[in-house]
Amino acid sequence: DGTSELRITANDDVNGTTGIRAINNGSDGTFVTAIGDVTGTAAHGVVVFDYRDGAVYVEVENVTGAYSGVRVRNYGYGVADIEVSGTVDGGTGDGIDVYQEGYSNVDVDIYAGAVVHGDTSAIRLTADNGSSLIIDNAGTLRNSSGLATDLVVTTSGGETDLENTSLMTGRVQFGSLADSLTNS
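Residues numbered from 1 in each chain as written. Predicted model: local features only at pLDDT ≥ 70, side-chain atom pairs only at ≥ 80, totals over all residues. Heavy atoms only, no water.

Caption draft 1: Region of interest: the overall build of the protein chain. Along its length, the protein chain carries zero helices and 22 strands. In terms of overall size, the protein chain behaves like a compact globule, its C-alpha atoms giving a radius of gyration of 15 Å where 184 residues would be expected to give roughly 16 Å. For the protein chain, the spread of C-alpha atoms along the principal axes amounts to about 45 × 35 × 25 Å. The long-range share in the protein chain, meaning contacts at least 24 apart out of those at least 6 apart in sequence, stands at 64%. With an accessible surface of roughly 7,600 Å², the protein chain has 44% of that area assigned to carbon and sulfur atoms. (Helix = DSSP H or I, 4+ residues; strand = E, 2+ residues; numbered from the N terminus. Rg over C-alpha atoms; globule rule 2.2 N^0.38 Å. Contact = heavy atoms within 4.5 Å. Areas by Shrake-Rupley, 256 points an atom, 1.4 Å probe, with all protein chains shown as cover.)

Structure below.
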């Protein structure tokens, strides 16, 4: 609580029911950096709850979760920014699952060589107040099945801008706003 930021840095491997769990009730940002492998054996690989107005920044290499790889719930008005440079395995859920209640953007960057997948989808972004949902993929996005008929990205509640410069296998499902998908 208060005005302090919450900062978690995992330089080594992390194993647990939930790999990393961050809950911030303060007014400054939440920062999670995972350089080692993170495994959530019975829940999420990385889960972040931010209840105030600070931004959420999550930077990961390799994450495995039973229910989702990276799960963010941002109830404040700061941006949610997720960066992936390795493999995120969402288990039976989504590789990346973000809910943004405030009006700020959600930015997801999948870097070259990175892979994001889950049984439900690779990426699920939900905005409650029309936030911009931005996905830049230079890696690989796919459903765990690898089938083109299964869901790979799903967004709702905000205008989506999906820029794909690499490999994306599966169906894309947007909400009803002015969404865009660019393959280059």
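Caption draft 2: Looking closely at the sheet that holds strand β9 (residues 68–74). A sheet is described by the order of its strands in space; here seven strands give the open sequence β3-β6-β9-β12-β15-β18-β21, paired in parallel fashion. Because the sheet does not close on itself, it has two edges, and the strands there are β3 (20–24) and β21 (171–173). Taking the axes of each pair of neighbouring strands and ignoring which way they run, one obtains an average angle of 5° across the sheet. (Pairing = 2+ DSSP bridges. Axes fitted to C-alpha atoms, helices over the stretch in contact; angles between N-to-C directions.)

Caption draft 3: Looking closely at the sheet that holds strand β19 (residues 160–164). Spatially, eight strands are ordered β1-β4-β7-β10-β13-β16-β19-β22 in an open sheet, and the strand pairing comes out parallel. At either margin of the open sheet sits one strand with a lone partner, and together these are β1 (6–10) and β22 (180–183). Mean inter-strand twist for the sheet, computed between neighbouring axes without regard to direction, equals 5°.

Caption draft 4: Broad picture of the pairing of strand β4 (residues 30–34). Of all the five residues making up β4, four are buried; the element is thus mostly covered by neighbouring parts of the structure. Direction of pairing for β1 relative to β4: parallel, over a ladder of five bridges. Bridged to Leu-6 within β4 is Thr-30. By the bridge criterion, five bridges tie β4 to strand β7 (residues 56–60) in an arrangement that is parallel. Bridge pairing links Thr-33 to Glu-59 in β7. (Buried < 20%, exposed > 50% of the residue type's maximum accessible area, 1.4 Å probe, protein only.)

Caption draft 5: Quick look at the side chain of Gln-100. By secondary structure assignment, the location of Gln-100 is in strand β12 (residues 94–100). With relative accessibility at 0%, the residue Gln-100 sits in the buried group. In terms of polar contacts, Gln-100 uses its side chain to reach the backbone carbonyl oxygen of Ser-104, at 3.3 Å. If sequence neighbours within four positions are ignored, Gln-100 has contacts with Asn-74, Gly-76, Gly-78, Val-79, Ala-80, Asn-105, Val-106, Thr-126, Ala-127, Asp-128 and Ser-131. (Polar contact = N/O pair within 3.5 Å; in protein donor to acceptor, adjacent residues only side chain to side chain.)

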